[in-house]
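Structural description and commentary
Below, each chain spelled out in residue letters.
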Amino acid sequence: MTALIIDSAASAGHPVPPGHPEHQGRYDAARSALAGLAGAVWIDSRAAQRTELERFHTARHVAHVLGTIATVGEGEWAALDADTQVTESSAAAGLHAAGGVIEAVDRVIAGEARHAFCLARPPGHHAEPDRAMGFCLFNSVAVGACHALEAHGLERVAIVDIDVHHGNGSQCLAEQDGRVFFASLHQAPLYPGTGTRKETGLNGNVLNIPLPDATPALVWRQHFTTEVLPALRRFKPQMIFISAGFDAHADDPLGGFLLTEPDYAWIAQELAQVAEETAESRLVSVLEGGYDCPALGRAAAAFAAAL
Ligand SMILES: [Zn+2]
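Everything numeric in this text was worked out from a predicted model, so none of it was measured. (Residues numbered from 1 in each chain as written. Predicted model: local features only at pLDDT ≥ 70, side-chain atom pairs only at ≥ 80, totals over all residues. Heavy atoms only, no water.)

**Here's the deal with the coordination of the zinc ion**
Looking at the zinc ion, one finds its protein donor set to be Asp163 (OD), Asp163 (OD), His165 (ND1) and Asp247 (OD), positioned 1.9 to 2.8 Å from the metal centre. One way to put it: the 4 donor atoms around the zinc ion meet at angles of 52 to 152°, and that makes the site irregular. Within one chain, the residues donating to the zinc ion are spaced in sequence as D-x1-H-x81-D. Highlighted residues: histidine 165 in the loop between strand S6 (157–161) and helix H6 (168–176) and aspartate 247 in the loop between strand S9 (239–244) and helix H8 (261–278), separated in sequence by 82 residues. Residues histidine 165 and aspartate 247 agree in their burial class; the two are buried. (Donors = N, O, S within 2.8 Å, 3.2 Å for Na, K, Ca; no water. Tetrahedral: all angles 85-135°; square planar, octahedral: opposite > 155°, others 65-115°. Helix = DSSP H or I, 4+ residues; strand = E, 2+ residues; numbered from the N terminus. Buried < 20%, exposed > 50% of the residue type's maximum accessible area, 1.4 Å probe, protein only.)

**Considering the environment of glycine 99**
Within the secondary structure, glycine 99 is located in helix H4 (residues 90–109). When residues no more than four places from it in sequence are discounted, the contact partners of glycine 99 are Arg46, Ala47 and Ala48. (Contact = heavy atoms within 4.5 Å.)

**A few points about helix H3 (residues 59–70)**
Residues spaced three or four apart along an α-helix face the same direction, because each turn holds 3.6 residues. Its 12 residues place the ends of H3 16 Å apart at the C-alpha level, agreeing with the 16 Å of an ideal helix rising 1.5 Å per residue. Turning to H3, its buried residues are His61, Val62, Val65, Leu66, Thr68 and Ile69. Each buried residue of H3 sits inside an arc of 160° when the element is viewed along its axis, so together they form one side. With respect to the buried face of H3, the exposed residues turned more than 90 degrees away are Arg60 and Ala70. If you follow the buried residues of H3, they end up packed against helix H2 (50–53), strand S3 (78–81), strand S4 (84–86) and H4. (Expected span 1.5 Å × (residues − 1). Arc of directions from axis to C-beta.)

In structure tokens:
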């Protein structure tokens with residue numbers, strides 16, 4: 001069966017101020033790296049509807065983000081937080097990033113493919129129900145998980161966040177919905193400062209594994225093997241989402257972890273195995289961080305090829 005790659009041309013409509021690490025070059029690097037994958041079917045994303053966003057976000061948040069964007073003048077930026085700026089054309093980028101995950105969920109559940117990789121920009125996992133932060137406008141993976149639960153009636157979904165930063169926004173979903181399992185391995189201390197071991201959600205449906213700067217890949221894999229994979233198998237998700245940030249790569253300028261391409265291939269294989277056991281192989285990956293463009297491309301290609 002084929003794998004899907006969800007492409008979002010609207011990402012180019014979200015330019016950032018000079019020097020900002022979350023720029024369109026990242027998207028282009030990942031997209032180019034995936035272009036050579038044999039057997040992949042490319043699908044265009046669509047814009048998420050407000051009602052779809054509001055399964056996770058508050059109506060106030062959606063109105064605030066879209067309303068702020070609507071007031072930005074040509075060639076200007078408005079700040080939603082200290083490092084999250086928007087332009088007049090940022091709405092389509094945010095809506096398509098989230099809508100792309102919805103599209104992936106629909107197609108994977110329809111059986112068109114087992115696996116989908118969503119090229120998305122801006123990233124989403126820091127966006128909370130009522131707050132944009134950390135480059136993120138809407139939480140694409142959380143919106144996709146809600147779509148799987150509400151539109152398709154799944155009873156259990158998991159989000160595994162491998163970005164070097166804690167997925168605080170996605171954790172909010174698990175904290176309010178016991179049908180969601182959320183696991184994150186992330187560097188601590190590091191932005192956004194959340195994700196302690198004590199944050200365990202509802203009856204343990206949140207698993208945080210904070211690890212120090214310069215954690216070797218072998219140690220990262222040990223925690224993944226002994227904690228994340230067993231917890232996932234106990235939860236028995238019917239669909240697995242991966243918040244696929246590649247900033248845990250050794251070359252990344254924002255993170256201090258030491259993963260390399262073989263580690264990303266290994267992660268993909270391990271999660272595909274769990275998905276095969278519990279989720280009819282349904283696996284949806286969503287691009288989050290990754291700020292060294294060559295490393296992002298190589299890691300994303302290794303990850304997607306392993307699927
Ligand atoms: Zn990150």
